[in-house]
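The lines below spell out each chain.
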Amino acid sequence: MTKAIAVQCQAISKQTGRQCKRKAIPGGTVCRWHGGAAGQVKAKAAIRAEGLPWGLGDSHVNPGEVLLRLVTQSAARAQRYASELEALVDEEGLAAAMVGEIEIPTKHGGYKAGEYIRGLAQLEAQERDCCANFATKAVAAGLAERQVRLAERQGELLAHVIRGVLDELYLSSDQRQRAPEVVRRHLTATVA
């Protein structure tokens, strides 16, 4: 990863009317004296700072969305490495795979299974660490809570729409009593 580039604080001094000369907090646009010490500012800056080395520093991109995308991508990579490891160990046996007694042919020659498995295990471990790091930053930035609030709001909107539709259909009392169960059944079938 490349190191984040230091940015000058964007705040304008009330005394001089000029731009602050201090460096902004990493990933931020202001120094700690001009709001960079605030929790929400630090959280967004941390997310942005994490994305910058990945080439994700576009100011029009939501840093939270980028971080969640990185968590997802990293978790998928770690799972892919783990699946490959599991398949090789299941096929060759753990001892044979680890000590490299089995030659695996390729179109460019071949390689000892142990070398490949050790490299794959190292990649998986590094990717899991990377994923945990991204996830920790997402939790620190409150992204999980925001997702829950968004999901709750979407649920409320959906319930409101369903109620409105059912009200306009002039259902019989029997149909009205059955409606919640029918809606619940269709929603759970859709989610599953």
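Shown above is the structure to which this text applies.
Scope of this entry: the structure provided in the associated data block. (Residues numbered from 1 in each chain as written. Predicted model: local features only at pLDDT ≥ 70, side-chain atom pairs only at ≥ 80, totals over all residues. Heavy atoms only, no water.)

**Observations regarding the overall build of the chain**
- The helix and strand tally for the chain stands at 6 helices and 2 strands.
- In the chain, which comprises 192 residues, the share counted as buried stands at 24%.
- If you take every contact in the chain between residues at least 6 apart in sequence, the share linking residues at least 24 apart comes to 37%.
- Approximately 13700 Å² of the chain is accessible, and the part contributed by carbon and sulfur atoms is 56%. (Helix = DSSP H or I, 4+ residues; strand = E, 2+ residues; numbered from the N terminus. Buried < 20%, exposed > 50% of the residue type's maximum accessible area, 1.4 Å probe, protein only. Contact = heavy atoms within 4.5 Å. Areas by Shrake-Rupley, 256 points an atom, 1.4 Å probe, with all protein chains shown as cover.)

**Regarding the nonpolar core**
- Counting 11 residues, the largest nonpolar core is built from A43, I47, V66, L67, L70, V71, C131, F134, A138, A141 and L143.
- Among the elements of the structure, α1 (39-51), α2 (63-92) and α4 (113-140) are those that each provide at least two residues to this core.
- Top element by residues in this core is α2. It accounts for 4 residues. (Core = buried A, V, L, I, M, F, W, Y, C linked by side-chain atoms within 4.5 Å.)

**Considerations on a nonpolar patch on the surface**
- A cluster of nonpolar side chains, namely V161, V165 and L169, defines an oily patch on the protein surface of about 260 Å² accessible area.
- Following the sequence through the fold, V165 ends up in helix α5 (residues 143-168).
- We classify V165 as partly exposed; its relative accessible area is 45%. (Patch = residues over 30% accessible without salt bridge, like charges linked within 9 Å, V, L, I, M, F, W, Y side chains within 5 Å. Salt bridge = Lys/Arg side-chain N within 4 Å of Asp/Glu carboxyl O.)

**Observations concerning unusual backbone geometry**
- At Y170, a position not held by glycine, the phi torsion is positive, near 50 degrees.
- For Y170, the position within the fold is in the loop between α5 and α6 (173-191).

**Let's talk about the environment of G28**
- Mapped onto the secondary structure, G28 falls in the segment before α1.
- Look at G28 and you get buried, because its relative accessible area is 10%.
- In the structure, G28 is positioned 14 residues away from K42 in sequence and 7.5 Å away in space, judged by C-alpha atoms.
- If we ignore the near neighbours within four places in the chain, the residues touching G28 are V7, A45 and R48.

**Thoughts on the packing of aromatic side chains**
- Summed over the entire model, instances satisfying the criterion amount to 0 aromatic pairs.
- For the cation-ring pair, R22 lies above W33, with the distance from its terminal atom to the ring centre recorded as 4.3 Å.
- In this arrangement the basic side chain of R32 is found over the ring face of W33, its NZ or CZ atom lying 4.2 Å from the centre. (Phe/Tyr/Trp six-rings, centres within 6.5 Å; stacked < 30°, edge-to-face > 60°. Lys NZ or Arg CZ within 6 Å of the ring centre and 35° of its normal.)

**As for the pattern of salt bridges**
- Per the stated rule, a full pass over the model turns up 5 salt bridges.
- R77 serves as the salt-bridge partner of E127, at 3.1 Å between the closest nitrogen and oxygen. Of this pair, E127 sits in helix α4 while R77 sits in helix α2, and the two are 50 residues apart along the sequence.
- For E127, a relative accessible area of 11% gives the class buried.
- Residue classification places R77 among the partly exposed positions, given a relative accessible area of 24%.
- Here R184 and E181 are joined by a salt bridge, their closest N and O atoms 2.9 Å apart.

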